[in-house]
Amino acid sequence: MTDLLHHTAPRQPEATPRDALVARDVHVQAGSFPAVRGVSAAFRPGVFSAVIGPNGAGKSTLLRALLGLNPVTGGEVTLAGRPLNAWSRAQRSRQLAYLAQSEGLPDGARVRDVVALGRGAGDWRFGLLPRTPWTPADEAAVDAALDRTDTRRFEDRRVSELSGGERQRAALARALAAEPRFLLLDEPTNHLDLAYALDVVRYLRCEVAGGLGVVAVLHDLNLAARADHLVLLCGGRVQASGTPHEVLTPEHLHAAYGLHVNVVQHADRLLVIPQD
Ligand SMILES: Nc1ncnc2c1ncn2[C@@H]1O[C@H](COP(=O)(O)OP(=O)(O)OP(=O)(O)O)[C@@H](O)[C@H]1O
């Protein structure tokens, strides 16, 4: 526990509030490979956390363990102080939303119907089933998610007619429609141009300001520098965690990526520039 407090937010008196999503000494096997080896980290509502690290560091495996999708083989994950497996699947899915790396969306469906899936209105793999009863609160949550991701203007278009960036925003709207306490995203800016990638980060920042806890796996360190809290993984272990200033140091990045980098302050944030 002491170690956990030290790693997460050393200057904040309440590093692990009661409503946090917490990994304590978590180990996860991926097949026979120990992909996550003793990770401790606390993720809080109202905080934008990013999990960074080189390819194969264990980022996706950790994210799936935080969602209860990968069983932990040691340690535990707790949500609001209760072990994740003490929550029913339905309770858990109301608290934790997931945006996977390659989010499969039903090509033939309208964007609005896809966003409605976030309310549990069916599963596209089994057909778009209307949720019953469908309430005004469900309708309002879909509207709000469309507005907050700027997807309402194409709510009647079919997924097959969207660009990659529009598709990603529709997927984000679907996740937000669930009104989760935490949103966990695996490389949400993958394949997006700079403008779309910044849009996604901007939308996430707004949600965080409204109290959502965001945990995003990010490869782009200059996007990750916009997060509040970073966890740098390497070889399945935490190399460093804390604020961007604490984590994005030439020493930590050299240890994790084997690269020499310069880290400079630009306006109100850090820029990581490889020397090679
Ligand atoms: N089913 C599996 N069987 C064996 N090894 C696996 C399996 N799934 C993942 N691994 C290994 O576990 C390690 C961690 O994988 P993971 O996908 O979590 O890493 P990552 O940090 O998300 O990587 P990337 O940035 O490349 O997406 C990798 O070395 C990977 O090869």
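The structure presented is a predicted model; accordingly, all values stated were derived computationally and were not measured.

Participant: What exactly am I supposed to notice about the site of the ligand here?
Facilitator: Close to the ligand lie Ala30, Gly31, Phe33, Ala35, Gly53, Asn55, Gly56, Ala57, Gly58, Lys59, Ser60 and Thr61, which account for all nearby residues. Every element with two or more residues in the shell around the ligand is listed here: strand E2 (33-43) and helix H2 (59-66). Ranked by the residues each element gives to the shell around the ligand, the list is headed by H2, at 3 residues. Here the shell around the ligand is composed, by residue class, of 4 nonpolar, 7 polar and 1 charged.

Participant: Quick question: what am I supposed to make of the sheet that holds strand E4 (residues 74-79) here?
Facilitator: Two strands in a sheet stick together by hydrogen bonds in their backbones, pointing the same way (parallel) or opposite ways (antiparallel). Spatial ordering of the open sheet is given by E2-E1-E4-E5, a layout of 4 strands whose pairing is antiparallel. The sheet is open, and its two borders are formed by E2 and strand E5 (82-83), each paired with just one other strand. Alignment of strand E1 (residues 21-30) against E4, held across 5 bridges, turns out to be antiparallel. Across the sheet, His27 pairs through a bridge with Gly74, a residue of E4. Its contacts with the sheet place H2 against E1, E2 and E4, and it is angled at close to 120 degrees to E1.

Participant: Explain the packing of helix H6 (residues 164-177) against helix H7 (residues 194-209) here, please?
Facilitator: Where H6 meets H7, the axes come as close as 10 Å, and the angle between the chain directions of the two elements is 15 degrees. For the element pair H6 / H7, the angle class is roughly parallel. With respect to the hand of their crossing, H6 and H7 are arranged in right-handed fashion. Taken together, the residues of H7 that come into contact with H6 (itself represented by Gly165, Gln168, Leu172 and Leu176) are Tyr196, Val200, Tyr203 and Glu207.

Participant: So what exactly am I meant to see when it comes to the nonpolar core here?
Facilitator: Burial of nonpolar side chains together is a common tendency in soluble globular proteins. Within the largest apolar cluster, 81 residues are counted, with the highest numbers of intra-cluster contacts made by Val51, Leu62, Leu66, Val115, Leu183, Leu184 and Val215. Ranked by residue count, the leading element in this core is H6, at 7 residues. Apart from the residues lying within four places of it in its own chain, the contact partners of Leu66 are Leu21, Ala23, Val77, Leu184 and Val215.

Participant: I keep staring at the sheet that holds strand E8 (residues 213-217) and nothing clicks. Help me out?
Facilitator: Spatial ordering of the open sheet is given by E6-E7-E8-E3-E9-E10, a layout of 6 strands whose pairing is mixed. Pairing within the sheet leaves two strands with one partner each, and these edge strands are strand E6 (96-99) and strand E10 (237-242). Averaged over all pairs of adjacent strands, the angle between their axes in this sheet comes to 15 degrees, without regard to strand direction. Bridging between strand E9 (residues 229-234) and E10 involves 5 bridges; their strand directions are antiparallel. Bridged to Leu232 within E10 is Ala240.

Participant: Looking at this structure, how should I read the confidence of the model for the protein?
Facilitator: Caution applies to low-pLDDT regions: their predicted coordinates should not be interpreted in detail. Looking at the protein, the pLDDT average stands at 88 and 90% of residues meet or exceed 70. Within the model, pLDDT remains below 50 along residues 1-13, and this stretch shows 20 contacts once partners closer than five positions in the same chain are excluded. At the level of chain-chain contacts, confidence expressed as ipTM amounts to 0.95, with global pTM at 0.89.

Participant: What should I look at first to understand unusual backbone geometry in this one?
Facilitator: Leaving glycine out, the prevailing phi sign among residues is negative, and the prevailing peptide bond configuration is trans. The phi torsion at Glu187 lies on the positive side, around 50 degrees, for a residue other than glycine. Secondary-structure assignment places Glu187 in the loop between strand E7 (182-186) and H7. What makes Glu187 partly exposed here is the crowd of 19 C-beta atoms within 10 Å. With phi around 50 degrees, Ala267 is a residue other than glycine that occupies positive phi space. By the secondary structure assignment, Ala267 is in the loop between strand E11 (261-266) and strand E12 (269-274). For Ala267, a count of 6 C-beta atoms within 10 Å translates into the label exposed.

Participant: Explanation requested: H6 in the structure shown.
Facilitator: Its 14 residues place the ends of H6 20 Å apart at the C-alpha level, agreeing with the 20 Å of an ideal helix rising 1.5 Å per residue. Along H6, 11 of the 14 residues are buried, which leaves the element largely enclosed by surrounding structure. Those residues of H6 that fall on the buried side of the exposure criterion are Arg167, Gln168, Arg169, Ala170, Ala171, Leu172, Ala173, Arg174, Ala175, Leu176 and Ala177. For H6, the elements touching its buried residues are E6, helix H4 (111-116), helix H5 (136-148), E7 and H7.

Participant: Sorry, what's going on with H5 here?
Facilitator: Because each turn of an α-helix spans 3.6 residues, side chains separated by three or four positions in sequence point in the same direction. With 13 residues, H5 extends 18 Å from end C-alpha to end C-alpha; this agrees with the ideal 18 Å at 1.5 Å per step. Turning to H5, its buried residues number three or more, namely Val142, Ala145 and Leu146. Across the axial projection of H5, the buried residues extend over an arc of 100 degrees, all falling on one side. What points out from H5, more than 90 degrees from its buried face, is the exposed set Pro136, Ala137, Ala140 and Asp147. At its buried positions, H5 is contacted by H4 and H6. Downstream of H5 by one or two residues, Asp150 has phi in the positive range, about 60 degrees.

Rules of the game
- Residues numbered from 1 in each chain as written.
- Predicted model: local features only at pLDDT ≥ 70, side-chain atom pairs only at ≥ 80, totals over all residues.
- Near = placed C-beta within 6 Å.
- Helix = DSSP H or I, 4+ residues; strand = E, 2+ residues; numbered from the N terminus.
- Nonpolar A, V, L, I, M, F, W, Y, C, P; charged D, E, K, R; others polar.
- Pairing = 2+ DSSP bridges.
- Contact = placed C-beta atoms within 7 Å.
- Axes fitted to C-alpha atoms, helices over the stretch in contact; angles between N-to-C directions.
- Parallel < 35°, antiparallel > 145°, perpendicular 65-115°, else oblique.
- Left-handed = near helix turned anticlockwise from the far one by under 90°.
- Core = buried A, V, L, I, M, F, W, Y, C linked by C-beta atoms within 7 Å.
- Buried ≥ 20, exposed ≤ 12 C-beta atoms within 10 Å, placed from the backbone.
- pLDDT = per-residue confidence, 0-100.
- Expected span 1.5 Å × (residues − 1).
- Arc of directions from axis to C-beta.

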